[in-house]
Every structure is written in structure tokens, then in C-alpha cells.
Amino acid sequence: AAILTSSQSQTGMISLTQQVNAVRLDTHKSDTFEQNDLVLDNSGAVLSGSRDALIRRLVPTRDFCPDESYIFSLLVNIRTFISPHELMQKIVQVRFILFLILSLWNSTLCHHKKGNHSHLSAQIYCMFAQNADSHNFAKEGRGRMFAHILRLCSEWATNIPYDFKTEYMRTRLNELLRLCAVDKTYQQKTTDLQATLRSSLNKLDRYEKAVANLQKALSENTNLPEQSDSMTGLFLMCNDAKTVAQQLTHIEMERFSMVGVDEIVQSLASDPLSEIGRHSKNKEGTISSISFYIEWFNRLSAFAAIEVLKQTKKRNRVAVFEFMIDIAKECCEIGNFNSMMAIVAGLSLPAVSRLKKTWCRVEKAKLEILQHQLDPSGNFLSYRATIKAAQWRADSARGNQQKIVIPFFVLLLKDLFLIYHGHPRILPNAHLNFMAFNQLAEQLRDVIQWKSTICTFEKNPQVLQYLLITAVSGEKDSMLMSFECEPPESSSERDQHKKLKGGK
């Protein structure tokens, strides 16, 4: 939470800032701007436009299709001005998409009796009838136009699949794809796209059920962590830091992969920086993937601290402390920066940081690793350099294990928030600032790439179970455990200890 509310300026994150500042647009209200105007640069790239003009450019025709960059940038950003449901309706109604479908109508009639259109909505069939034009049945343009519409559908359904959770959205998408499947090649392509979408939505459904079950199990586990004179906890179960780091990466990838870019954008638009991730439910009433992921970070931080505090003997605390640092180091080597930061944050909590007799016994080289990764100077400059190196490695890697990049999620949200609010999204002439759209979309492209990586490490069910459901305690109980490890020394600590014991 402290990182989210930080007002430090962002450096090296917004790669398009110089381009934005270099372009001077006459954005003041003027009679020369019509409602459907677009403003383009010398290369033909869109700089700004009205909402409807931008949507019209999104819809492919036989001779034109926007590139994937434009499609993704508009789809991911326009939702703050128009819902995906309304956008889909507008796309269907735009005459260019109707011309596309009409040009394919002849080929579909050979498979369906005239008037047998039960698979089509009445609204779409009515629009077919109203816009029939013999010029739109040109056979030579069918394949090219279908390739264009398939690109739009594929970009949407693949990168923002949660837009299709409603029956309406799936039905409209399937109608368009079914009408456009004019030969076996395109039929296979539409079938593959529909299967990919179903897989994404089924995975989301299973994930939400698993989250509900896990939350129930955690709420029913009311046992407090117990301290012991003998070694206890994770170190006793598995003292291989690399194996533990790999299991943490499995958990991270499962959670990170389920955070949709649509949910990120809606949170950036509707919540202040300090409130992002605080809502356990999203607007649809389902589990917020952002909130659940941040809860995992907090739980892992508490877990790292408790594993140390369970050990009442100093030599065992030192061993577990160094073990946790080794795990954080292995996470860094893998590219799992969220777990690394969570562990480092846990070992920096007051209940652990006050253990001076324990800290003085920890190997100095390990302490330097901890301090280096925690350094917030230069807006986490050392962390940013490390994750940049991981990105370079991932870009050239051949195996999935070298492609893993799991960013420090809370800092990522802060960066995206600064990008989202860094430039006006509505210009004085009422145009939407497409250059600002591109800035956010560029970063979200990286997010999609990172969370699509498959974690192929061998699973250790026992360690996974322990990491997921082991009881952790709050700040008060952690401090009491800390005072059991090393008694209070200063008068302020003695007063604090007395108050904590009195409030039990």
C-alpha cells in the first residue's frame, strides 16, 4: 500500500513520452473539426479522433484492415467510454461490416434454404435485407475481407477474452464467424478461435471456483502459528531454495495469468491509486483477480516473517532467515520478481527487523542482496534494471523456463496508473487522445506476453499445499512471537509488549 501511494516520478517507463511532447496538435475547439474527423500524422498513424470515427476505422472492409496495434489499442482503451457490449453492437451496425457479411451471403445461401435463418438474430437478418447490394457479392474479395474480419475477432477474443463472458457477446461473435466461414480453411480458423475462447473462459470459471474454495479453507483455518525450540516449518519440509522458488512461480503464474487487461483498465479508470486492488469483487460481482493477487502478495510477506518467528532458537532463526533470502534470490534468477519482493517485504516487517541478535548473525553477503533489492531510490532503479535484463533474456529464450517474467505487481499497477493519468484522454476539441491510448496499450502488450508464459517446473504438491494454506498471523500476533524470540530491550518496546499482552 505504501508503494501504491508513493508520489515518486516515473523514469524510463513511458517510452512514448517524447513522441507525445513532440507532436503539437491544434486541439482547441474549432469549426473545422467535424464529429467523424480523425487526425493523422505524416505516416498515416492515428493521433486522435472522435469516438465514432475511431470505431469506424476499427471495422475492416474488403480493401482495408487496421493493424493489430490499432485494434488492440482501441479495444483495450475504448471501454472507458463505451462498454464492450455497446461496441460490439456498433461494429455490427456499421455498414462496412454489413457489406462484408453481405458479400459472403451468396456462399452461405448454398448451405441454407432461402429464409432459413434461424441461426441469425432477427436484428442482423433485418440489417442484411436493408443493405443488400449486388456489388457486395464480388467473389474475388471474399477471402481478403474475411481475413480482415478474422484478424479483428482474433485480436479481441485472444487478448481480451473476458469481454465474452456474456451470452450476448459470444452469440454475436459466433454469428459473425459462422457467416464468414466461406470455405474449409476459414471454417477451421473460426473453429480454432472459438475453441481458444472457450478454453480461456472455462479456465476462468475453474479458477474462480478454486479461489472460492481456497478462501473458504483459509477462513476455516483459525489455528495460530506455533513456535518451537526445534526446527519447524518449510525449512524442515524442503530445504532446497530453488525447489521452493519454483513452486512459488507456479502459484504466481496461476494468479498473474488470470488478471485480465480489461480489469486493469477499468481499475485505472475508476479507482484512485491508493484504492486499486482493495475491492474483493468486480463490477460483475465475481472475484477480482487483481484483489486476489495482491492478497497473495500480502500473505506471502506474512508467511516469510512467520517462518522466521516460529523458531525460538536463534541459530534456527538465522538458518530460516538465510533460507528465505536464498528463496528470494532464486525467484530473482527465475524472473519471479513478485515473490522476491514479497519475501523481502516480509523479512523487513517490524516483527522481524527488530531481531537485532538474529540479524547480526546473518551472513553479510546475504544482507547485501536483501538491501539491494529493497532499495527504492530512483523509483526502484535497481529493480527496473533487473527486470529489464529478464525481459531481454525472455525475448531471446527458446525454453519456457527462461521466458518467465513476473513483475512486482503493485509497482506495475502504479506504473500503469501514471501512464493512464499522465496525459489527457479527452482533448479540448472532444477528440479521444489515441496517442495516450497507444502508451497504455504498449505496456499492456507486455503484460499479456508475460502472463501467457507456461510454467513448466516440476510440481511438488506437498510444498505447494504448505505455501497455500499454512496459517499466518496478523501484525499483533507476529509482534508477540517476535518478543518471545528476543525480549523487549528499550522502554518503548516494553510498553508495546505490555499493551499487546494486555489486549490478548
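My aim in this report is to walk through the structure given alongside it, one point at a time. All of these numbers come straight from a predicted model, not from anything done at the bench.

## Describing the packing of aromatic side chains
At step 1: Under the criterion given, the structure shown has 15 aromatic pairs.
At step 2: Ring geometry for Phe380 and Phe408: centres 6.3 Å apart, planes at 70°, overall edge-to-face. You can see Phe380 sitting in helix α19 (residues 377-396) and its partner Phe408 sitting in the loop between α19 and α20 (409-422), a full 28 residues away along the chain.
At step 3: Connected via pairs of aromatic rings, a cluster forms that spans Phe297, Phe337, Phe380, Tyr383 and Phe408.
At step 4: Sitting above the plane of the Tyr70 ring, Arg57 keeps its charged end 5.9 Å from the centroid.
At step 5: Above the ring of Phe72, the side-chain terminus of Arg445 is found at 4.4 Å from the ring centroid.

## A few points about helix α22 (residues 461-469)
At step 1: Within α22, burial applies to Val463, Leu464, Tyr466 and Leu467. For α22, the arc enclosing every buried residue in end-on projection is 165°, short of the 170-degree limit, so these residues lie on one face. α22 presents Pro461 and Gln462 as exposed residues on the side facing more than 90 degrees away from its buried surface.
At step 2: Summarising the contacts, the buried residues of α22 are in contact with α10 (234-237), α11 (241-257) and α13 (289-309).

## Description of the sheet that holds strand β2 (residues 46-49)
At step 1: Taking strand neighbours across the sheet as the criterion, the 3 strands line up as β1-β2-β3 in an open arrangement whose pairing is antiparallel. Taken across any chain shown, the strands that pair with only one partner, and hence form the sheet edges, are β1 (38-40) and β3 (432-433).
At step 2: Note: β1 against β2, 3 bridges, orientation antiparallel. Each bridged residue has a counterpart across the sheet, and for Leu38 the counterpart in β2 is Gly49.

## Describing the packing of α13 against helix α15 (residues 337-347)
At step 1: Orientation of α13 relative to α15, taken along the N-to-C sense of each, is 45°, at an axis distance of 7 Å. In terms of orientation, α13 and α15 fall into the oblique class. Seen along the crossing, α13 lies across α15 with a hand that is right-handed. Contacts between α13 and α15 involve Tyr293, Trp296, Phe297, Leu300, Ser301, Ala304, Ala305 and Val308 from the former and Asn338, Ser339, Met341, Ala342, Ile343, Ala345, Gly346 and Leu347 from the latter.

## Quick look at the nonpolar core
Most often, soluble globular proteins have nonpolar side chains that are buried together.
At step 1: With 136 residues, the main nonpolar core has Leu234, Ile327 and Leu444 as its most contacted residues.
At step 2: The dominant element in this core, judged by the number of residues it contributes, is α13, at 13 residues.
At step 3: A domain-level breakdown of this core finds at least three residues from each of domain 1 (43-220) and domain 2 (225-502).
At step 4: Beyond its immediate sequence surroundings of up to four residues, Leu234 is in contact with Val244, Phe303, Glu307, Phe323, Met324, Ile327, Val463, Tyr466 and Leu467.

## Regarding the side chain of Arg425
At step 1: Note that Arg425 resides in the loop between α20 and β3.
At step 2: Buried and unpaired, Arg425 has Glu442 as its nearest opposite-charge partner, separated by 13 Å.
At step 3: In terms of polar contacts, Arg425 uses its side chain to reach the side chain of Tyr420, at 3.3 Å.
At step 4: Every residue in contact with Arg425, bar those within four places of it in the chain, is listed here: Asn77, Thr80, Phe81, Tyr420, His431, Leu432, Asn433, Phe437 and Leu440.

## Examining unusual backbone geometry
At step 1: Despite not being glycine, Asn379 has its phi angle at roughly 55°, a positive value.
At step 2: With respect to the helices and strands, Asn379 occurs in helix α19.
At step 3: You will see that Phe380, though not glycine, has its phi angle at about 60°, which is positive.
At step 4: According to the relative accessible area criterion, Phe380 is buried, its value standing at 7%.

## Digging into the pattern of salt bridges
At step 1: For the structure shown, the criterion picks out 12 salt bridges.
At step 2: When the shortest N-O distance is used, the salt bridge between Arg170 and Glu167 registers 2.8 Å. Note that Arg170 and Glu167 are positioned in helix α8 (residues 167-180) at a spacing of 3 residues, about one turn of the helix.
At step 3: Judged by relative accessible area, which is 25%, Arg170 ranks as partly exposed.
At step 4: Judged by its relative accessible area of 52%, Glu167 is exposed.
At step 5: The closest approach of N and O atoms between Asp415 and Arg384, which form a salt bridge, is 2.8 Å. Residue Asp415 is located in helix α20, and its partner Arg384 is located in helix α19; the two are separated by 31 residues in the primary sequence.
At step 6: Because the salt bridges share partners, they merge into one network encompassing Arg51, Asp52 and Lys90.

Criteria and thresholds
- Residues numbered from 1 in each chain as written.
- Predicted model: local features only at pLDDT ≥ 70, side-chain atom pairs only at ≥ 80, totals over all residues.
- Heavy atoms only, no water.
- Phe/Tyr/Trp six-rings, centres within 6.5 Å; stacked < 30°, edge-to-face > 60°.
- Helix = DSSP H or I, 4+ residues; strand = E, 2+ residues; numbered from the N terminus.
- Lys NZ or Arg CZ within 6 Å of the ring centre and 35° of its normal.
- Buried < 20%, exposed > 50% of the residue type's maximum accessible area, 1.4 Å probe, protein only.
- Arc of directions from axis to C-beta.
- Contact = heavy atoms within 4.5 Å.
- Pairing = 2+ DSSP bridges.
- Axes fitted to C-alpha atoms, helices over the stretch in contact; angles between N-to-C directions.
- Parallel < 35°, antiparallel > 145°, perpendicular 65-115°, else oblique.
- Left-handed = near helix turned anticlockwise from the far one by under 90°.
- Core = buried A, V, L, I, M, F, W, Y, C linked by side-chain atoms within 4.5 Å.
- Domains from an automatic or database assignment.
- Lys, Arg positive; Asp, Glu negative; His and termini not counted.
- Salt bridge = Lys/Arg side-chain N within 4 Å of Asp/Glu carboxyl O.
- Polar contact = N/O pair within 3.5 Å; in protein donor to acceptor, adjacent residues only side chain to side chain.

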